Amino acid sequence: MSHFTLPPDEQRHFDPVETLPRPALLALQQQRLLAMVAYACERSAFIRHQWQAAGLRPQDIGSTADFCARAPLMDKDQLRDWRDRHGDPFCGLLCTDPAEISFMGSSSGTTGDPTIFSYRWGSPDGNLPAGPGLPGEGPASYWGGTLRDWWEIGLRPGDHGIYFGLRMRGPMFRLLQQLGVTPVMLGYGPGDLERFCELSRELRPTVFYAMTAYLGAGLQELERTRAIDMREVFASYKGILFAGEPVGPKMRRTFERWGLAGKIFNQTSFGDIGHAHDCREHDGCHAWEDIGVAEIIDPVTAQTIEGDGRGELVCTSLVNPLDPLLRYRGGDIVDMKRGRCGCGRTHARFTPVGRSADELLVQGRSILPMDVWGAIEDVPASEHGLFQIVRPQREVDTLMIRVGYAGTPDLAAVRDALVDSVEAAVGLRARIELVPEAQIMQSGSRHKIPRTVKS
């Protein structure tokens, strides 16, 4: 079904731009950025208003450095405010006639009410700032990074891929088809995990998209109650993709026990301008710098952090003609690296460490969900890692955690074990509220639950 020529199966890199020398890559990025700035300021009501308020014109920007130093930041609260004040579901971002939209997806709503994203499939993006004639589903489109990353995982024409009902940002199964892979569609209905085990034996798929804590817990339960050999189920898989939230330490060890060491991949948001995945080196998720500009800033002062380091991710669209984002801060705290990766790619890469909105200061000490994740999984009754940090405000005196438990354990003993486990991990005695796992799952979608809540 691909509309473009696929590389030879034995070729590791999907697109030559992946290994482009950095001077050439940054020159391409700057060319696309300057074109996108002019395009978005002309067509996007929100961006035009924002730049006018800052006293800035597209012609004032002559380089990527100018842009990062002078262009205003934008965030989701500003977009929601524009949407609500103007009655515009596109938040003032849409740059084309709505008739050009093929479909719409949405954000998860983890940090507030969801916002929508617009997409166009299957026709050349003639008004794309990167240049005319680029394919709407191809290597240089919004989806190009995902195609490159899935090729790196090992997907090849003729493979089968399990697609487990994640439709939030649109029909990702179309990307499997673009690579010549046949999607095997499953959902979250009763019996679907057992059916997954059967289909894995029959079809021998190579990829699972998208694994979640919810599905991982269900597979562990099938192993325990049905004595299903998960090593045999997963014997053909080249990649298990976790999307929406990372895999916890104990669940990772479980998948490794099932023969998937080195085959667990993280899909994360590239600042809402695309997706990012780690490669087979597992040394950070690749930020495709021909598709977007990736910066990090101090989350408090909003000052740019040069080079490598930890900061809040800020991203700019380069190849999205529908609803581009310029200097968008999504609240993700990442560790950024800009050296050549062991896989040979020259683009920056980043490792998500948390969200700025999730950070909690307990007696002055910074706590993020990943800091306690492994400690909660280490207690058998809560080994599925379903928990939420209660964060009524950023600074508190006591660490409070709501933890989901399975079965009918001795709750007092579970609570004591969790308090001890968390204290060993972060040096704080936590107040633990125990609830059935189903209660935690009901607070979000099955692929992503809020890891911090106000109450």
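This is a predicted model, so every value here is computed, not measured. Each chain has its residues counted from 1, following the order in which its sequence is written. Thresholds applied to this predicted model are a pLDDT of at least 70 for local features of residues and 80 or more for the giving and counting of side-chain atom pairs; totals over whole chains, interfaces and linings are not thresholded and use all residues. Excluding hydrogens and water, the side-chain figures rest on all heavy atoms present in the structure.

A covalent bond between the sulfur atoms of two cysteines is referred to as a disulfide. In plain terms, two cysteine sulfur atoms within 2.5 Å form what is called a disulfide here. Under the criterion given, the structure shown has 0 disulfides. No disulfide involves Cys68; its sulfur sits 11 Å from that of Cys315, the nearest cysteine. Overall, Cys68 belongs to the buried group, its relative accessible area being 15%. The cut-offs for exposure are 20% and 50% of the maximum accessible area for each residue type, with area from a 1.4 Å probe on protein chains only; residues under the lower value are buried, those over the upper are exposed, and the others partly exposed.

Quick look at helix α10 (residues 249-260) now. Counting from the N terminus, the helices are the DSSP runs of H or I reaching at least four residues and the strands are the DSSP runs of E reaching at least two. Expected helix span is taken as 1.5 Å per residue step, with the number of steps being one fewer than the number of residues. Compared with an ideal rise of 1.5 Å per residue, which puts 12 residues at 16 Å, α10 spans 14 Å between its outermost C-alpha atoms and falls more than 12% short. Buried within α10 we find Met251, Thr254, Phe255, Trp258 and Leu260. Projection of α10 onto a plane perpendicular to its axis shows the buried side chains occupying an angular sector of 120 degrees, all on one side. Residues of α10 that are buried in the fold lie against β6 (207-211), α8 (213-226), α9 (230-233), β7 (239-243), β8 (264-269) and α11 (369-377). With its phi angle positive at about 80 degrees, Gly262 sits one or two positions after the end of α10. What the arc covers is the set of directions going from the helix axis to the C-beta atoms. Whether two residues are in contact is decided by their heavy atoms: any pair within 4.5 Å suffices.

Attention shifts here to unusual backbone geometry. Of the consecutive residues Tyr209 and Ala210, the connecting peptide bond is found in the cis state with omega at 0 degrees. Along the polypeptide, Ala210 turns up in strand β6. You will see that Asp272, though not glycine, has its phi angle at about 65 degrees, which is positive. Its identity as a non-glycine residue notwithstanding, Gln363 has a phi of 55 degrees, on the positive side. Here Gln363 is to be found in the loop between β15 (360-362) and β16 (365-367). The exposure class of Gln363 is exposed, given its relative accessible area of 60%.

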